[in-house]
Amino acid sequence: SKGGYKKATEAAEAALTAEYTGDAAAMMKLLPAKGKEYWEDDKNLTEKQLQDYMQNRMNTYGHKYDEVSVIENSKVTERVNSNYLDKYGITADEVIYYAECGLTLDGEEHDEGNDVYVYKYNGRWYSIYPEYHLIEDTDSE
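Remember, it's a predicted structure, so these values are computed and weren't measured experimentally. The written sequence of each chain sets the order in which its residues are numbered from 1. Owing to the predicted nature of the model, reporting of local features is limited to residues with pLDDT of at least 70; listing and counting of side-chain atom pairs is limited to 80 or more, with chain, interface and lining totals taken over all residues. No hydrogens and no water enter the side-chain calculation; it runs on all heavy atoms of the structure.

Asker: Sorry if this is basic, but what is going on with the nonpolar core here?
Answerer: The tendency in soluble globular proteins is for nonpolar side chains to be buried side by side. Within the largest apolar cluster, 10 residues are counted, these being V76, V80, Y84, L85, I90, A92, V95, Y117, Y119 and I128. Helix and strand definitions here come from DSSP, where helices need a minimum of 4 consecutive H or I residues and strands a minimum of 2 consecutive E residues; each element is numbered from the N-terminal end. If you list the elements that add at least two residues to this core, you get α5 (74-85) and β2 (108-121). The dominant element in this core, judged by the number of residues it contributes, is α5, at four residues. Note on definitions: a residue-residue contact is assigned when non-hydrogen atoms from the two residues lie within 4.5 Å. For L85, the contacting residues outside a window of four places in its chain are V80, I90, A92 and Y119. Take the buried Ala, Val, Leu, Ile, Met, Phe, Trp, Tyr and Cys residues and link them wherever side-chain atoms come within 4.5 Å; each set so joined is a nonpolar core. Note on classification: 1.4 Å probe, protein chains only; a residue is buried when its accessible area is under 20% of the maximum for its type, exposed when over 50%, partly exposed between these limits.

In structure tokens form, the structure reads like this:
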């Protein structure tokens, strides 16, 4: 397996499952080849050593669960469709919620917990950010 996933949701599910089960081998599949090369070239760690190091850290600092299931949050998609897109007569095929995003503004890093929803419609990804401003503007009038 080359690692990586074709869908963002698959990668997110794999990452959470690996994290909560303490599975460093599964976590290694989420590291791109360039990442593995960095650790090998710059830190002189073989892939096995890197995995062992990661496993040790996960065992030491992580919480380990025997079973993990990721609940598909269809309520998020329903909320985006009903609160934002219904008025346009469109329905999102998929919605991803990115939480706690950090930003670099004018070269300065800000970690203010910025959240964003993006949705896929007709094969293209869009954001509901414009809707926040349209709703705020029309609500204040």
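Back to the text.
Asker: Quick question: what am I supposed to make of the pattern of salt bridges here?
Answerer: Pairing between side chains of opposite charge can happen when the charged atoms of each approach one another. In the sections that follow, a salt bridge refers to a side-chain nitrogen of Lys or Arg positioned within 4 Å of a carboxyl oxygen of Asp or Glu. All chains considered together, the criterion is met by three salt bridges. Between E47 and K36 there is a salt bridge, with its nearest N and O atoms 3.5 Å apart. Highlighted residues: E47 in helix α4 (residues 47-61) and K36 in helix α3 (residues 33-43), separated in sequence by 11 residues. Taking the relative accessible area as the measure of exposure, E47 reaches 43% and is therefore partly exposed. Across the pair K48 and D52 runs a salt bridge whose closest N-O atoms are separated by 3.0 Å. Taken together, the positions of K48 and D52, both in helix α4 and four residues apart, correspond to about one turn of that helix. Judged by relative accessible area, which is 39%, D52 ranks as partly exposed.

Asker: Can you walk me through α5 in this structure?
Answerer: Because the α-helix completes a turn every 3.6 residues, residues three or four places apart line up on one side. Given a helix with a known number of residues, its expected span is that number minus one, times 1.5 Å. The end-to-end C-alpha distance of α5 is 15 Å, a good match for the 16 Å that 12 residues give at a rise of 1.5 Å each. Every buried residue of α5 is accounted for by V76, T77, V80, N81, Y84 and L85. Down the axis of α5, the buried side of the element spans an arc of 130°, and every buried residue falls inside it. Of all possible arcs, the one meant is that of the directions from the helix axis to the C-beta atoms.

Asker: What exactly am I supposed to notice about the packing of aromatic side chains here?
Answerer: Pairing of aromatic rings covers Phe, Tyr and the six-membered ring of Trp, with a centre-to-centre limit of 6.5 Å; geometry is then stacked below 30 degrees between planes, edge-to-face above 60, and tilted otherwise. Under the definition given, this model contains four aromatic pairs. When the centroid spacing of 4.6 Å and the interplanar angle of 35° are considered together, the rings of Y97 and Y117 count as tilted. Taken as a pair, Y97 in strand β1 (residues 94-105) and Y117 in strand β2 lie far apart in primary sequence, 20 residues in all. Looking at Y117, the relative accessible area reads 13%, which means it is buried.

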